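The lines below spell out each chain.
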Amino acid sequence: MLDIKLIRNEPQKYRQGLEAKNAGDRLAELLKWDAERRQCTAQGDELKAIRNRVSDEIGQMKRNGQPAEEKVLEMKKVGQKIDTIDKKLKDIENQINEILIALPNIPHSSVKIGKTAADNVTVKEWGRQPEFDFPLKDHLDLAEALGILDFKRAAKVSGAGFPLYTGDGATLERALINFMLDFHRNKHGYKEIFPPFMVSRESAFGTGQLPKLAEDMYRVDEEDLFLIPTAEVPVTNIHRNEILPEDTLPLKYTAYSACFRREAGSYGKETRGLSRVHQFNKVELVWFTTPENSYQIHEQLLQDAEEILQVLNLSYRVVALCSGDLSFAAAKCYDIEIWAPGSGKYFEVSSVSNFEDFQARRANIRYRRTSDNKVDFVHTLNGSGVATPRLMIALLENCQTPEGTIIIPQALQKYTGFSQIGTQK
RNA sequence: GGAGAGGUGGCAGAGCGGUUGAAUGCGGCGGUCUUGAAAACCGUUUUUCGAUUGCAUCGGAACGGGGGUUCGAAUCCCUCCCUCUCCGCCA
């Protein structure tokens, strides 16, 4: 959520920021309601001040045994006026709120202005795309031949778009999760979290999934709970409605979760195999920090996520998203895209975002500054570290042999317990 | 699922219709004392909206959320949420 006070003070800046994010301009309307709200508040407060004062007097008179009928009647009238104003004020506030909660975050000054993904900028390429002297298969052909992935039966069990890992495939999936969690915990010093996979409406609002992205989430009707699309949601909401002492910051958490996405409206787009599924596994990194440090931490977070791919020796590139491609809550975002030679393209395995105080304001996550004891909103950041399906795609396709077997990267072998898939039966 | 108890400031815990934004204790911060520390003593210690707009000052709001009764609500009523205890069921 944006700060209405800041919008009021610098409308031009926010107008430009919202335009850069392709967000319809409702600022004029918002500011009109804001002015009206303040006027209304002033009127109401004045009347309430009178009521408070006179009500005190009535109390005193009654205690002294004096009649107070006249003042009571007078205050009854004042009370009615207050009711009218309060009702109007509530309407106005609803209008303001409706606009405000639907406005996206505005981009950071370092973000390139652009319309679509075509305007994104590749800022880094790591590793070499391996060369092969045999015809390559893509991950789905490999996996089905090896019997480690079974979409047909998954469809029988759950429907289209759900992965079913079997045998060594299931073990490899589990190995990836454990490897990543251990890595972030032991090497990067993140605190490990195992969050709930369903969250309340409030939590989904806090991180910005609601109200705009409601149709992307699965909802459990009876309980009004949402299946999480990412661990970001429960983990960020751990500190909802809290005031954190500054000396406890930054907080850095890593969490595994299953992630559930309806992927509504994306039929036909990149749906082969594991590239887009309704349920997947992801290890997430979440930071809470002071505003001064958040952009430095953003770079750090990117590095932490990248390192996973480096250790697995998988080639990737880092893309800085342009303003128009940023998600609702993000002020700045890097995508990490991994090279998959069998498919001949890059797949996004991580999104590393700085939300500044956008989520913190929605979720009311604050900190108390040591210097002056004042409270202010924290900055939240998160990044995938990383999501498994597309990592699996890249891994299978990069590590394939002419025989169609898979060589497990060194770093993973102690987690899988085997060094190759498809050799011995 | 059934029965009961309860949600008040950083924590503990009073208050149950008017001078209570909230006693008291603990903790925190500042000070006195001390070579230093402890103890003791004194002071201080929520957030938020708005108005004149630097600090400051004045006013409004907030005792789980929402609604109601009343001149006046932490206190009464309704409703929702949450926590705890016991019973049942269950991984």
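Residues numbered from 1 in each chain as written. Chains lettered and ligands numbered in written order. Predicted model: local features only at pLDDT ≥ 70, side-chain atom pairs only at ≥ 80, totals over all residues. Heavy atoms only, no water.

What to know about the overall build of chain A
Assigned secondary structure in chain A consists of 13 helices and 16 strands. Expressed along its principal axes, the backbone C-alpha trace of chain A runs to roughly 100 × 45 × 45 Å. Per-residue burial over chain A gives 50% buried out of 425 residues. Partitioning the intrachain contacts of chain A with sequence separation of at least 6 by distance along the chain shows that 74% fall at a separation of at least 24. Here chain A displays about 20800 Å² of accessible surface, and carbon together with sulfur accounts for 48% of that area. The averaged location of the 60 negative side-chain charges in chain A is 4 Å from the averaged location of its 56 positive side-chain charges. (Helix = DSSP H or I, 4+ residues; strand = E, 2+ residues; numbered from the N terminus. Buried < 20%, exposed > 50% of the residue type's maximum accessible area, 1.4 Å probe, protein only. Contact = heavy atoms within 4.5 Å. Areas by Shrake-Rupley, 256 points an atom, 1.4 Å probe, with all protein chains shown as cover. Lys, Arg positive; Asp, Glu negative; His and termini not counted. Charge placed at Lys NZ, Arg CZ, Asp CG, Glu CD.)

Some words on the protein's contact with RNA strand B
Looking at RNA strand B, there are 21 residues lining it, with D45, N52, S55, K90 and R368 nearest. Those atoms of RNA strand B that come within 4 Å of the protein belong to sugar or phosphate at a rate of 76%. Between RNA strand B and S55 there is a distance of 2.9 Å, counted from a base nitrogen to a backbone nitrogen or oxygen. Contact between RNA strand B and R366: a phosphate oxygen at 3.1 Å from a side-chain N or O atom of the residue. Examining the composition of the surface near RNA strand B, we find that 12 residues originate from one element, helix α3 (residues 27-63), more than from any other. (Near = heavy atom within 4 Å. Polar contact = N/O pair within 3.5 Å; in protein donor to acceptor, adjacent residues only side chain to side chain.)

Examining the sheet that holds strand β5 (residues 225-227)
The sheet built from three strands is open, its strands ordered β3-β5-β4 with antiparallel pairing. The open sheet has two edge strands with one neighbour each: β3 (198-199) and β4 (219-220). Bridge analysis of β3 against β5 gives two bridges, and the strand direction is antiparallel. Note on β5: the bridge partner recorded for M198 is L227. (Pairing = 2+ DSSP bridges.)

Considerations on the side chain of R390
You can see R390 is positioned in helix α12 (residues 388-398). Here the side chain of R390 touches S275 through a polar contact of 2.8 Å, landing on its backbone oxygen.

Observations concerning α12
Among the 11 residues in α12, 11 count as buried, and that is most of the element. Among the residues of α12, those classed as buried are T388, P389, R390, L391, M392, I393, A394, L395, L396, E397 and N398.

A word on the packing of helix α2 (residues 11-20) against α3
Between α2 and α3, the least distance of the axes is 11 Å, while the angle of their chain directions is 145°. As α2 packs across α3, the resulting crossing turns out to be right-handed. Contacts between α2 and α3 pair P11, Y14, R15 and L18 from the former with L27, A28 and L31 from the latter. Of the residues contributing to the contact of α2 with α3, the split by class is six nonpolar, no polar and one charged. (Axes fitted to C-alpha atoms, helices over the stretch in contact; angles between N-to-C directions. Left-handed = near helix turned anticlockwise from the far one by under 90°. Nonpolar A, V, L, I, M, F, W, Y, C, P; charged D, E, K, R; others polar.)

Focus: the domain arrangement of chain A
Entries for chain A in the domain assignment read domain 1 (4-102) and domain 2 (117-421). Just the C-alpha atoms count here: the centres of domain 1 and domain 2 sit 43 Å apart. Facing the five residues of domain 1 at the interface are 11 residues of domain 2. Both sides of the domain 1 and domain 2 interface together cover about 590 Å² of buried area, and 51% of this is carbon and sulfur. Taken as a group, K21, I101 and A102 account for 75% of the area that domain 1 buries against domain 2, more than any other trio of residues on that side. Across the contact surface, domain 1 and domain 2 share zero salt bridges. (Domains from an automatic or database assignment. Buried area = accessible area lost by both parts, 1.4 Å probe. Salt bridge = Lys/Arg side-chain N within 4 Å of Asp/Glu carboxyl O.)

Remarks on the packing of aromatic side chains
In the structure shown here, the tally under the stated rule is 11 aromatic pairs. Centre to centre, the rings of F132 and F134 are 5.6 Å apart; their planes meet at 80°, and the pair counts as edge-to-face. Relative accessible area serves as the criterion here: at 25%, F132 is assigned to the partly exposed category. Three or more aromatic residues joined by ring pairs make a cluster, and in this case those are F179, F183 and Y415. Sitting over the face of the ring of W33, K32 holds its NZ or CZ atom 4.6 Å from the ring centroid. When the ring centre of Y190 is taken as origin, the NZ or CZ atom of K252, which lies over that ring, is 4.7 Å away. (Phe/Tyr/Trp six-rings, centres within 6.5 Å; stacked < 30°, edge-to-face > 60°. Lys NZ or Arg CZ within 6 Å of the ring centre and 35° of its normal.)

A few points about unusual backbone geometry
Of the consecutive residues L210 and P211, the connecting peptide bond is found in the cis state with omega at 5°. Secondary-structure assignment places P211 in the loop between α8 (201-206) and β4. Of note, the bond from L249 into P250 is cis; its omega dihedral lies within 30 degrees of zero at -5°. Along the chain, the position of P250 falls in the loop between β6 (242-245) and β7 (251-260). The phi dihedral of N22 falls on the positive side, at around 55°, and the residue is not glycine.

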